[in-house]
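Listed below are the residues making up each chain.
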Amino acid sequence: MTPEEMGKVSKRLRLGFAVSSVVFLAVLAISPVKDSLREWRRYERSYVRYAESRPDTKHLLADFHYQIDQVWIPDMNVVDRCTTCHQGITQPSLADATVPQPFRAHPPIPHRVKDWGCVICHRGQGPATEVAEAHETTLAWERPMLSVHFIQASCGVCHRGELTEAPQLNRGRQLLAELNCAGCHRLEGIERPTMLGPDLTNVGTKDSREWIYKWLKEPRTLTDSNGNVTVNGYETEEEPRMPHFRLSDREIRSLSAYLSSLKAKPVEPYKFDPRVVAMWEKKPDLADQGEVRFRQVFCTTCHSIAVTRAGETKLIGGDIGPELTKVGSKVNPDWLVVWLRDPQGYLAHALMPRYEWSDEDLYMVTHYISARLTDSDLLSDVPKLEPANSEEIQAGRRMFLEKGCASCHVVEGIPAQKDFGPDLSALGAKNVSQLEFGQSKIPRTLIAYVQAKITDPFSVNPAARMPQYHLTPSDLDAISTALLGMTGPPSSPGLARLIVPATPAAYHPAGTFGDLYERYKCYVCHRFNGFGGTLAPDLSFEGSRAQRQWIVDFLKNPQTLRPTLTFRMPQFNIPEGEAQTLADYLGTVMQSPGVNPAKVDAKEFTPQMSGLGKQLYEVKYQCQSCHTIGSSGGYVGPNLSNAGNWLTPAWIEAWLQNPQALVPGSIEPRRALTGEEIKALTAYLLTLKPSGAAKAGAAAGRGGAR
Amino acid sequence: MRARIGLFLIATLFLALTPACREKPVAAKSDPALRAYDVEPDWNDPQKLTPLNYQQAQGKRVFYTNCVWCHADATPAGPSNRSNVAPTPPLANDGATLNPLSDEFMVNIITLGGSAMGKSAMMPPWGRTLSQEDIRAVIAFYRAIAQPPYQSPARPAPAYASK
């Protein structure tokens with residue numbers, strides 16, 4: 001090769017080298033350039049600019065580095081890089097709504113980001129470093145963020161009991177329990193009660209086939225497409241218990257045949273005292289007198305009936321028992337008497353207390369129910385039904401099982417259909433790919449699926465056996481929240497240790513008190529050491545609060561203490577001996593550790609002290625804004641007109657000292673009272689006793705005040 | 001040859017700069033009401049929903065436990081106590097009365113009670129019952145539902161552009 005040629009080659013080579021070096025450098029440069037353009041770096045630079053525009057720059061940038069920030073908690077499988085962009089999340093000074101996102105601070109919650117990370121509650125992809133990947137769904141990452149509207153679902157993952165700070169979650173769980181969802185579905189934290197719907201073993205002795213037909217065709221509780229619930233045509237706010245199933249006429253015929261054939265134990269009519277019958281039978285105002293007794297007994301504390309006032313008819317009363325406006329057209333009158341005398345004799349699980357009826361009262365009240373609470377048109381659209389033949393009955397029995405009726409209703413000889421519907425205890429952790437959307441046009445998200453399934457089960461699955469529910473938008477969101485919080489077993493041992501279980505409460509005392517407690521079903525309305533209803537006052541500390549004689553008198557003749565309440569304790573006609581037993585038990589057992597009766601001597605209270613107390617009550621603290629004495633004052637706290645006979649001195653003192661220490665969550669504001677002021681107020685309250693005239697007036701007003 | 005090198009170069013650059021065959025994330029379409037932590041229906045028009053953030057929602061909870069009895073015309077237990085109290089307490093959404101009051105004044109009257117602020121002693125002090133956080137939250141809730149709407153006092157916006 002000549003030198004000239006060599007030169008040419010080397011020139012070409014050099015050029016080649018030069019070009020490839022440039023290419024090489026350019027390729028090398030791609031990576032750092034791309035890196036510096038990453039989304040999170042843009043946000044970090046933006047944060048620095050923002051911090052520099054504020055007066056507290058130094059503080060805001062104290063811990064700042066240009067790098068990916070990460071919260072790593074191996075124990076809980078948390079690898080969260082969210083704080084890379086959400087730089088201000090722990091800066092209290094950035095809490096203001098004017099701070100631009102993503103730099104705004106997190107609202108103050110009991111959990112710190114450092115200890116928990118973000119995705120534990122918000123879901124989404126913690127390790128991602130791009131906005132879209134972190135927040136939304138990709139092919140590989142399927143857990144989108146949970147909308148803040150449903151974020152309380154995440155509280156429910158660990159907190160299995162009631163949580164004051166999460167009202168939406170509590171409401172959702174309450175609805176799941178009230179609507180008997182646990183009858184068909186397995187739900188985390190919601191036990192399947194022994195009885196959900198009524199026991200139907202003897203339903204044929206109670207209702208006619210025609211009535212059952214009507215009920216199955218059109219439950220008296222109806223919901224229109226706007227979510228307005230009506231019972232027997234009257235608007236109500238209660239949740240319908242028996243949902244609407246889509247049944248064909250043939251199915252309804254066979255089911256009604258089967259159910260009306262269930263008469264295992266025939267009704268033996270009760271024989272009234274002939275003198276009572278003779279005296280009342282012919283009286284023209286029998287039903288009117290029955291109505292008066294019906295009201296006086298306060299049946300409406302648990303049952304509602306339609307009442308017309310000022311031209312407007314609406315349902316008045318409670319929702320513990322069924323609505324009764326047309327019950328006279330439903331039940332067999334003989335059955336009604338037997339039922340009222342001994343509800344548990346017909347239904348062992350019945351919540352209805354056993355009243356101490358006199359024959360006269362029972363005769364009047366049952367006559368009133370059978371004569372006045374009726375509707376002659378109720379069954380007019382029911383076709384003529386022949387007496388059920390065995391073929392229809394057999395078909396009805398099959399239908400009963402096919403439709404899953406035994407999930408909620410008990411019939412002797414038919415095993416309960418547990419887990420008839422799908423297991424929902426891990427619904428909240430499901431991926432979208434695991435859901436069947438069918439032909440529906442809803443967005444492909446878990447929340448949309450859950451809500452569609454509840455509002456219209458047939459929209460996602462035309463073969464659904466689930467009945468139709470109509471919920472208000474807020475209730476629908478609450479139920480969705482509770483369901484999304486059911487994510488199955490914890491995903492890591494760290495999380496498993498964090499579960500705060502619900503505290504299961506049960507209070508079933510033994511002995512004579514226990515018998516009376518069961519008989520009058522005290523726990524349906526009252527709460528005892530965390531167990532029982534919330535309609536009436538919590539009696540866990542009743543022995544410290546109330547004087548013994550007052551309890552006895554109250555049980556024999558209950559009067560309301562809180563004028564705002566529309567519900568009152570029913571008149572059970574509790575005999576003296578039983579009232580004494582109940583008062584003895586409440587007085588000795590239901591005591592608060594915060595009240596020491598020995599520390600207060602009733603003799604130490606002088607008229608001067610009570611005079612000062614009256615001043616404090618009326619002028620300095622103006623307690624009358626919430627409490628009534630005599631005929632004036634507020635409705636928020638209990639009426640204090642009879643405080644001297646009602647409350648114990650030790651309770652009043654402890655209560656004034658710190659109400660929330662005795663009853664957590666009490667709304668009575670805690671005040672800064674001096675010891676002297678507490679003594680004076682106690683002395684004054686103990687002087688409050690109704691005069692003879694006022695007492696007679698109160699007794700006369702009883703029953704008519706509603 | 002040169003053309004081939006050029007082609008190779010361009011191809012390399014293109015491949016390097018294109019985000020590798022990646023599935024684009026799918027954004028879930030969401031209803032604006034579903035983005036709010038909680039909502040409160042307008043007191044005069046139940047169809048109109050006011051979105052609430054976390055703090056306002058906590059305030060709503062405190063309000064419906066402690067304040068609703070005297071500062072609303074309907075309560076969870078039925079009749080309101082408002083008519084029993086003289087002078088009549090303002091409704092919680094009464095913007096005309098409450099908007100001019102500063103947050104500081106509101107915090108004080110709730111914490112210390114009416115008499116400490118030269119108002120009616122019928123308003124009890126809540127400072128020993130509610131936490132400062134609760135009180136701030138209630139005020140945030142009042143501001144959120146105020147009619148006419150509440151305008152927070154103007155403050156100098158920091159000179160900052162997000163991009």
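Note that this is a predicted model, so its numbers are computed, not measured.

> Looking at this structure, I do not really get the overall build of chain B. What am I missing?
When helices and strands are counted, chain B shows 6 helices and 2 strands. Listed N to C, the secondary structure of chain B is α-α-β-β-α-α-α-α in terms of helices and strands. By the burial criterion, 32% of the 163 residues in chain B qualify as buried. Taking all contacts inside chain B whose residues are at least 6 apart in sequence as the whole, residues at least 24 apart take part in 43%.

> Help me understand the overall build of chain A, please; the structure alone is not making it clear to me.
Secondary structure summary: chain A contains 31 helices and 11 strands in total. Here the C-alpha radius of gyration of chain A, 35 Å, is well above what a compact globule of 706 residues would show, namely 27 Å. Restricting the contact set of chain A to residue pairs at least 6 apart, pairs at least 24 apart contribute 66%.

> Looking at this structure, I do not really get the domain arrangement of chain A. What am I missing?
Accessible area lost on assembly of the parts is the figure often given for the size of an interface. Here the domain parsing of chain A yields domain 1 (39–145), domain 2 (158–192 + 420–498), domain 3 (203–372) and domain 4 (511–701). For domain 2 of chain A and domain 4 of chain A, the distance between their C-alpha centroids amounts to 42 Å.

> I would appreciate a short explanation of the nonpolar core in the present structure.
The tendency in soluble globular proteins is for nonpolar side chains to be buried as a group. Of all hydrophobic cores here, the largest spans 110 residues; its most connected members are A:L483, A:L685, B:V138 and B:F141. Looking at which element gives the most residues to this core, the answer is helix 6 (residues 132–145) of chain B, with 9 residues. Among all residues touching B:V138, those that are not within four sequence positions of it are B:G59, B:V62, B:F63, B:C67 and B:I110. Counting 18 residues, the second largest nonpolar core, distinct from the first, contains A:Y363, A:M364, A:V365 and A:L373.

> So what exactly am I meant to see when it comes to helix 30 (residues 675–687) of chain A here?
Residues spaced three or four apart along an α-helix face the same direction, because each turn holds 3.6 residues. Residues and elements named next belong to chain A. Given a rise of 1.5 Å per residue, 13 residues ought to cover 18 Å, and the 19 Å separating the end C-alpha atoms of helix 30 matches this to within 8%. Among the residues making up helix 30, those that are buried are K679, A680, L681, T682, A683, Y684, L685 and L686. Along its buried surface, helix 30 packs onto helix 26 (607–620), helix 27 (643–646) and helix 28 (649–657).

> Help me out: how do you make sense of unusual backbone geometry in this one?
With glycine set apart, most residues show a phi of negative sign, and most peptide bonds adopt trans. Put simply, A:Q101 and A:P102 share a cis peptide bond, and its omega is 10°. For A:P102, the location among the structural elements is in the loop between strand 2 (78–80) and helix 4 (113–116). Cis geometry is found at the peptide bond from B:A86 to B:P87, where omega equals -5°. Of note in the backbone geometry, A:K521 takes a positive phi value of approximately 50° without being a glycine. Turning to its location among the elements, A:K521 is positioned in the loop between helix 21 (511–519) and helix 22 (522–525). Using a count of 21 C-beta atoms within 10 Å as the deciding quantity, one classes A:K521 as buried.

> Would you explain the packing of helix 21 of chain A against helix 25 (residues 576–589) of chain A in this entry?
In a pair of packed helices, the angle between the axes and the distance between the axes together describe the arrangement. All names here are of chain A. It is the contact of helix 21 with helix 25, at a shortest axis distance of 10 Å, that shows an interaxial angle of 110°. By the criterion of interaxial angle, the relationship of helix 21 to helix 25 is roughly perpendicular. Viewed along their axes, helix 21 and helix 25 form a crossing whose handedness is left-handed. In contact with T512, F513 and L516 of helix 21, helix 25 contributes E578, T581, L582 and Y585.

> Before we go on, may I ask you to explain the packing of helix 26 of chain A against helix 30 of chain A in this structure?
All names here are of chain A. The geometry of helix 26 relative to helix 30 is characterised by a closest axis approach of 7 Å and an angle of 95° between their N-to-C directions. Taken as axis vectors, helix 26 and helix 30 run roughly perpendicular relative to one another. Every residue of helix 30 that contacts helix 26 at M609, S610, L612, G613, K614, L616 and Y617 is listed here: E677, K679, A680, L681, A683, Y684 and T687. A breakdown of the residues in the contact of helix 26 with helix 30 according to their chemical character gives 8 nonpolar, 3 polar and 3 charged.

> Help me understand helix 19 (residues 473–484) of chain A, please; the structure alone is not making it clear to me.
Residue and element names in this part refer to chain A. Over its 12 residues, helix 19 extends 16 Å from the first C-alpha to the last, a length consistent with the 16 Å expected when each residue adds 1.5 Å. Among all positions in helix 19, only D475, D477, A478, I479, S480, T481, A482, L483 and L484 are buried. Residues of helix 19 that are buried make contact with helix 7 (152–158), helix 8 (167–178) and helix 17 (446–455).

> Before we go on, may I ask you to explain the pairing of strand 2 (residues 49–52) of chain B in this structure?
Each regular strand carries side chains that alternate between the two faces of the sheet. Residue and element names in this part refer to chain B. Because side chains alternate across strand 2, one face comprises the buried residues T50 and L52, and the other comprises L49 and P51, none of which is buried. Bridge count between strand 1 (residues 38–41) and strand 2: 4 bridges; the pairing is antiparallel. By the bridge assignment for strand 2, E40 is matched with T50.

> Looking at this structure, I do not really get the confidence of the model for chain B. What am I missing?
Low-confidence regions, as indicated by low pLDDT, have predicted coordinates that should not be scrutinised in detail. Mean pLDDT over chain B: 81, with 73% of residues reaching 70 or higher. Listed scores for the predicted complex are pTM 0.83 and ipTM 0.80.

> Explain the confidence of the model for chain A here, please?
A residue-level look at chain A finds 93% of positions with pLDDT of 70 or above and a mean pLDDT of 86. Note on residues 693–706 of chain A: pLDDT under 50 across the span, and 7 contacts to partners over four residues away in sequence or across chains.

> Is there a simple way to explain the environment of A:S390 in this structure?
Residues and elements named next belong to chain A. Within the fold, S390 resides in helix 16 (residues 390–402). Judged by C-beta crowding, with 9 C-beta atoms within 10 Å, S390 ranks as exposed. Placed 129 residues apart in sequence, S390 and S261 show a C-alpha to C-alpha distance of 9.4 Å.

> I'm lost on the environment of A:V432 in this one. Help?
Residue and element names in this part refer to chain A. As for its placement among the helices and strands, V432 is situated in the loop between helix 16 and helix 17. It is 7.5 Å that separates the C-alpha atoms of V432 and E142, two residues lying 290 residues apart in sequence. Residues contacting V432, with those up to four places away along its chain left out, are T137, E142, R444, T445 and L446.

Here is what the cut-offs are and how they apply
- Residues numbered from 1 in each chain as written.
- Chains lettered and ligands numbered in written order.
- Predicted model: local features only at pLDDT ≥ 70, side-chain atom pairs only at ≥ 80, totals over all residues.
- Helix = DSSP H or I, 4+ residues; strand = E, 2+ residues; numbered from the N terminus.
- Buried ≥ 20, exposed ≤ 12 C-beta atoms within 10 Å, placed from the backbone.
- Contact = placed C-beta atoms within 7 Å.
- Rg over C-alpha atoms; globule rule 2.2 N^0.38 Å.
- Domains from an automatic or database assignment.
- Core = buried A, V, L, I, M, F, W, Y, C linked by C-beta atoms within 7 Å.
- Expected span 1.5 Å × (residues − 1).
- Axes fitted to C-alpha atoms, helices over the stretch in contact; angles between N-to-C directions.
- Parallel < 35°, antiparallel > 145°, perpendicular 65-115°, else oblique.
- Left-handed = near helix turned anticlockwise from the far one by under 90°.
- Nonpolar A, V, L, I, M, F, W, Y, C, P; charged D, E, K, R; others polar.
- Pairing = 2+ DSSP bridges.
- pLDDT = per-residue confidence, 0-100.

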